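Structural overview for review
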Amino acid sequence: MYSHQFNRATKKARSVADGINARLRIRWNTRHLSGPGIILQDDDDVALVCMLKNGAYYIDELLTHHRALGIRNFLFIDNGSDDRTREMLAGHPYITVVINTLPVATHEALLRSQIARRFIKGGWFLFVDSDELIDMVNATGRTFRDYARYCNDNEYDAVVGQCLDLFSDLPLSETLTWDYAQSIQRFDRYSLNAIKDFSYHDPSVGFSWFLRNNTVSNPQIHLKFGGIRKELFGENCALTNHRMVKNAPDIEIYSHPHCSSNIRCADFTLLLRHYKFAGNFAERERAQVAKKVWQHGEDRNRIAVVQDSSFRFACKQAYRFRDASQLAEQNFLTCSKTFYESFPPVPRSQEGS
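Rules used throughout
Residues numbered from 1 in each chain as written. Predicted model: local features only at pLDDT ≥ 70, side-chain atom pairs only at ≥ 80, totals over all residues. Heavy atoms only, no water. Helix = DSSP H or I, 4+ residues; strand = E, 2+ residues; numbered from the N terminus. Buried < 20%, exposed > 50% of the residue type's maximum accessible area, 1.4 Å probe, protein only. Contact = heavy atoms within 4.5 Å. Areas by Shrake-Rupley, 256 points an atom, 1.4 Å probe, with all protein chains shown as cover. Core = buried A, V, L, I, M, F, W, Y, C linked by side-chain atoms within 4.5 Å. Salt bridge = Lys/Arg side-chain N within 4 Å of Asp/Glu carboxyl O.

This paragraph deals with the overall build of the chain. Per the secondary structure count, the chain includes 12 helices and 18 strands. The proportion of buried residues among the 353 residues of the chain is 52%. Contacts spanning at least 24 positions in sequence make up 77% of the contacts within the chain whose residues lie at least 6 apart. Accessible surface computed for the chain: about 16800 Å², of which carbon and sulfur atoms make up 48%.

Bringing the nonpolar core into the picture now. Met244, Phe268 and Phe313 are the most contacted members of the largest nonpolar core, which totals 72 residues. Sequence-distant contacts of Phe313, defined by excluding residues within four places in its chain, comprise Phe167, Ser168, Leu172, Ile228, Leu232, Phe233, Phe277 and Phe281. Grouped together as the second largest cluster of nonpolar side chains are 40 residues, Leu110, Leu111, Leu211 and Val245 included.

Going through the model one piece at a time under the given rule, you end up with 17 salt bridges. A salt bridge links Arg149 to Asp44; the shortest N-O distance between them is 3.4 Å. With Arg149 in helix α5 (residues 144–153) and Asp44 in the loop between β2 (39–40) and β3 (46–52), this residue pair connects regions lying 105 residues apart in the sequence. Relative accessible area serves as the criterion here: at 31%, Arg149 is assigned to the partly exposed category. Here Asp165 and Arg229 are joined by a salt bridge, their closest N and O atoms 2.9 Å apart. Remark: Arg229 occurs in helix α8 (residues 228–233) and Asp165 occurs in strand β9 (residues 158–165); sequence separation between them is 64 residues. Several salt bridges converge on common partners, so that one network encompasses Glu108, Arg112, Asp129, Glu132 and Arg243.

Quick look at the structure:
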């Protein structure tokens, strides 16, 4: 009995020590390169945080899209780029760039959370990957600050995001030379097949332990898995995460790569437009496999299916993308009655006016 208790205590102490050591490694290995050393925010401000490596292909469109939605401050965590990423970001007054080359396979969550907390004070975080564009329902004429204010007024700590993979129906041989702007415009298809929903606190979900102390204010918000990557590659990927999170000390940001803990989720969800297949994605996948960037093996599975550039994203049924509101109409995104009362749709006759 005593031996069992001693072993449990030893294991717990080792886990705590490992966590402390990992945090120290991240701090020691993080170097500020350019931009403000500290980003100071008001309660309704939202700063975009992006960890990337060799992201030059995406940067211009990522900045343009999110600036149009009112994002002013950006924090980029460079994981060891050898392209023009850092040069493209240097010199901008509202872009902070730091470098940390610890492997993302073992440090992903802590890299995002520790560095974000170190360089951003106050307001909200918006965690975005380089190949993602974030949209809100009924966002015409509005900014992220409007949605952050709504969350603050209703004492919400986070917004659930749902990831949607966009693709083209043309073969890879035609799309691999497109720049990111072309890909965004012409990757206008998506699939809702092979998506499975789980209740937010379903114990069968692999990361449910990290959600146990969270509150979801809208019971219609579910965890989603699958999609086009399940349909074509057999990849049961999690599509749901917490990407917009309040910068409050009692919140565990990125307690798991797909979620934060000790939060009260808002009554609406946001859309992550995911352009994973833009550009020469097959070559990127092969390079990741060769360098063993990830441990999950999903990139190897995709390459096994995508054998050459004649590959097409041929799914059972594809829809043409319009906007986030379209996904709410199809129940991929979820919004409460209160949300719609606060953010009614702008009449199409007033769009762009």
